[in-house]
Amino acid sequence: MNIRILFAFAAFAIVSCLQPPEFSDIPEIQYIGINKKQILQGSGSNQDSLVVEFSYTDGDGNIGAVADSFFNNIVFIDNRIGLETFSGIPTIPRQGVGSGISGVISVVIPTANQGVCCIYDDKNRQDPCTPSTAFPTDTFTYTIYIMDQDLNESNRIETEPIVVLCQ
């Protein structure tokens, strides 16, 4: 009797391993974190970067770029001013027998290239991205979402506050 139960359990375990994951065809993302909470603003000799990590699932597996192309399908929104910047997900190979995919994406955001800098109140008449002794820091968050090749948008996630040093 115990052998039958063990055999039934082993057969169930094997069949369970062969089932492809059941994910929605609309991509879903979940925030994991950032590598640091404080960065130097991007200007002149200031070179710094931020790494943002999030996980994803996609039921039809079409969030990456088509082979030999580039698709800007990660959207970062600077919540101070609504500025959108884009990054791309490379081609992602299919996993297993189904077309559903999941994984973790890490995006490096260099401050100099992405314009991560201090933005001052208009009343102060100080140009953005310039050093300031009157305003030593600025704080912002990113809202992030991704799009698949069918232009389905994922849910939106938000980073914790990021402090920009206005040096």
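Being a predicted model, the structure only gives us computed values, none of them experimental.

Trainee: Sorry if this is basic, but what is going on with the overall build of the protein chain here?
Mentor: Secondary structure summary: the protein chain contains 2 helices and 10 strands in total. Going through the 167 residues of the protein chain one by one, you find that 38% of them count as buried. Restricting the contact set of the protein chain to residue pairs at least 6 apart, pairs at least 24 apart contribute 70%. Carbon and sulfur atoms make up 56% of the accessible area of the protein chain, which totals about 9800 Å².

Trainee: I would appreciate a short explanation of the sheet that holds strand E8 (residues 142-146) in the present structure.
Mentor: The strands making up a sheet associate through hydrogen bonds between their backbones, and the pairing can be parallel or antiparallel. An order of E5-E4-E8-E9 is seen for the 4 strands of this open sheet, with the pairing classed as antiparallel. Edge strands, defined here as strands with exactly one partner in the open sheet, are strand E5 (83-87) and strand E9 (157-158). Taken together, the 2 bridges between E8 and E9 define a ladder with antiparallel strand orientation. Opposite Ile144, over in E9, you have Ile157 as the bridge partner.

Trainee: How should the state of the cysteines be read in this particular structure?
Mentor: Disulfides are covalent bonds that link the sulfur atoms of two cysteine residues. What the rule picks out here adds up to 2 disulfides. Here Cys117 is linked by a disulfide to Cys129, with a sulfur-sulfur distance of 1.8 Å. On the criterion of sequence distance, the pair formed by Cys117 in the loop between helix H2 (111-114) and strand E7 (137-140) and Cys129 in the loop between H2 and E7 is long-range, its members being 12 residues apart. Given the relative accessible area of 24%, Cys129 is considered partly exposed. Covalently, Cys118 is tied to Cys166 through a disulfide, its sulfur atoms 1.9 Å apart. Disulfide Cys118-Cys166: torsion about the S-S bond near -100 degrees, hence left-handed. Of this pair, Cys118 sits in the loop between H2 and E7 while Cys166 sits in the segment after strand E10 (162-165), and the two are 48 residues apart along the sequence. Here Cys118 falls in the buried class, since its relative accessible area comes to 0%. Its relative accessible area of 1% is what places Cys166 among the buried residues. The disulfide pattern of the protein chain is 1-3, 2-4 when the bonded cysteines are numbered in sequence order.

Trainee: Help me understand the sheet that holds strand E1 (residues 28-34), please; the structure alone is not making it clear to me.
Mentor: With antiparallel pairing, the 3 strands of this open sheet are ordered in space as E1-E3-E6. Unpaired on one side and paired on the other, E1 and strand E6 (101-110) mark the two borders of the sheet. Strand-to-strand twist across the sheet, computed as the mean angle between neighbouring axes with direction ignored, equals 25 degrees. Bridge analysis of E1 against strand E3 (residues 49-58) gives 6 bridges, and the strand direction is antiparallel. Across the sheet, Ile29 pairs through a bridge with Tyr56, a residue of E3.

Reading guide: rules and limits
- Residues numbered from 1 in each chain as written.
- Predicted model: local features only at pLDDT ≥ 70, side-chain atom pairs only at ≥ 80, totals over all residues.
- Heavy atoms only, no water.
- Helix = DSSP H or I, 4+ residues; strand = E, 2+ residues; numbered from the N terminus.
- Buried < 20%, exposed > 50% of the residue type's maximum accessible area, 1.4 Å probe, protein only.
- Contact = heavy atoms within 4.5 Å.
- Areas by Shrake-Rupley, 256 points an atom, 1.4 Å probe, with all protein chains shown as cover.
- Pairing = 2+ DSSP bridges.
- Disulfide = S-S within 2.5 Å.
- Axes fitted to C-alpha atoms, helices over the stretch in contact; angles between N-to-C directions.

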